Amino acid sequence: MGMAISLQEFFESHPLHYAIETHDYSESSQRSAAAAHRSGYKVAKSVLLKDDEGYLLAVSPACYRLHLGELRRALDRNLGLATEAELATMFGDCALGAIPPAGVLYDLDTIVDEALLEQDDIYFEAGDHEQLVHMKRADFSKLLGDARRGRFSHPG
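Draft legend 1. Focus on the pattern of salt bridges. Within this structure, the stated rule accounts for seven salt bridges. As a salt-bridge pair, Arg 151 and Glu 118 come within 2.4 Å of each other at their nearest N and O atoms. A residue pair is termed long-range when its members are at least 10 positions apart, and Arg 151 in the loop between β9 (148-150) and β10 (153-155) and Glu 118 in the loop between α5 (114-117) and β7 (121-125) qualify at 33 residues. Notably, a salt bridge pairs Arg 137 with Asp 120, separated by 3.0 Å at the nearest N-O pair. Of this pair, Arg 137 sits in helix α6 (residues 137-144) while Asp 120 sits in the loop between α5 and β7, and the two are 17 residues apart along the sequence. Overall, Asp 120 belongs to the partly exposed group, its relative accessible area being 48%. A single salt-bridge network, built from bridges that share partners, covers Asp 51, Glu 53 and Arg 77.

Draft legend 2. View of unusual backbone geometry. In this structure, His 37 is a non-glycine residue whose phi angle is positive, near 60°. By the secondary structure assignment, His 37 is in the loop between α2 (29-35) and β2 (43-51).

Draft legend 3. Representation of the nonpolar core within the structure. By size, the foremost hydrophobic cluster in this structure holds 30 residues, and its most contacted members are Phe 11, Phe 91, Phe 124, Phe 140 and Leu 143. Among the secondary structure elements, those contributing two or more residues to this core are α1 (5-13), β2, β3 (54-61), α5, β7, β8 (131-136) and α6. Ranked by size, the runner-up nonpolar core spans 10 residues in total, among them Leu 49, Leu 56, Leu 71 and Phe 152.

Draft legend 4. Structural view of the pairing of β2. Across the nine residues of β2, eight count as buried, placing the element largely inside the fold. Bridge count between β2 and β7: two bridges; the pairing is parallel. By the bridge assignment for β7, Ala 44 is matched with Phe 124. Pairing between β2 and β3: eight bridges, direction antiparallel. Bridging across to β3, Ser 46 finds its partner in Val 59. Connecting β2 to the next strand, β3, in antiparallel fashion are two residues. As paired elements, β2 and strand β5 (residues 80-81) share two bridges and run antiparallel to each other. Bridge pairing in β5 links Leu 49 to Leu 81.

Draft legend 5. Seen up close, α6. Within α6, burial applies to Asp 139, Phe 140, Leu 143 and Leu 144. Looking down the long axis of α6, one finds its buried residues gathered within 145° of arc, a one-sided arrangement. Those residues of α6 hidden inside the fold are in contact with α1, β6 (109-113), α5, β7, β8 and β9. Phi turns positive one or two residues past the end of α6, at Gly 145, with a value near 65°.

Draft legend 6. Representation of the side chain of Asp 128. In this structure, Asp 128 sits in the loop between β7 and β8. A polar contact of 3.1 Å, which involves the side chain of Asp 128, links it to the backbone nitrogen of Glu 130. Among the polar contacts made by the side chain of Asp 128, one reaches the main-chain amide nitrogen of Gln 131 at a distance of 3.0 Å.

Calculation notes
Residues numbered from 1 in each chain as written. Predicted model: local features only at pLDDT ≥ 70, side-chain atom pairs only at ≥ 80, totals over all residues. Heavy atoms only, no water. Salt bridge = Lys/Arg side-chain N within 4 Å of Asp/Glu carboxyl O. Helix = DSSP H or I, 4+ residues; strand = E, 2+ residues; numbered from the N terminus. Buried < 20%, exposed > 50% of the residue type's maximum accessible area, 1.4 Å probe, protein only. Core = buried A, V, L, I, M, F, W, Y, C linked by side-chain atoms within 4.5 Å. Pairing = 2+ DSSP bridges. Arc of directions from axis to C-beta. Contact = heavy atoms within 4.5 Å. Polar contact = N/O pair within 3.5 Å; in protein donor to acceptor, adjacent residues only side chain to side chain.

Below, the structure written as structure tokens:
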């Protein structure tokens with residue numbers, strides 16, 4: 001499948017520095033980190049959430065667990081996990097479960113855990129299960145745009 005078309009087009013029109021790293025097929029961000037020999041602290045995991053207000057993309061380190069209760073309280077929203085059908089609809093140019101953390105490309109509000117932004121190098125799914133995009137923190141922050149920041153996930 002390769003890189004998501006929306007991500008590729010964004011990179012073509014924005015002067016951000018990135019590199020692509022290939023790895024053996026894996027079905028989760030944490031397994032992608034292992035397959036690419038990268039720390040799970042440096043690999044972004046994107047989770048699509050929803051409630052009556054709409055969708056929200058939550059981004060955290062791959063080795064962290066999302067604490068939905070903390071996120072609900074912090075945002076005063078009754079968020080739950082989106083379905084696989086919703087994922088397929090929202091991210092039509094991506095393989096199921098290989099969501100890039102750039103909600104802005106999919107017209108989604110995004111929140112990123114500060115723990116990920118403490119890393120100098122950040123990796124994330126390119127839209128398939130065999131490639132990671134590598135960016136420095138400054139370029140990754142530009143990719144995130146005006147995404148909210150917070151603490152809503154913890155190691156484990």
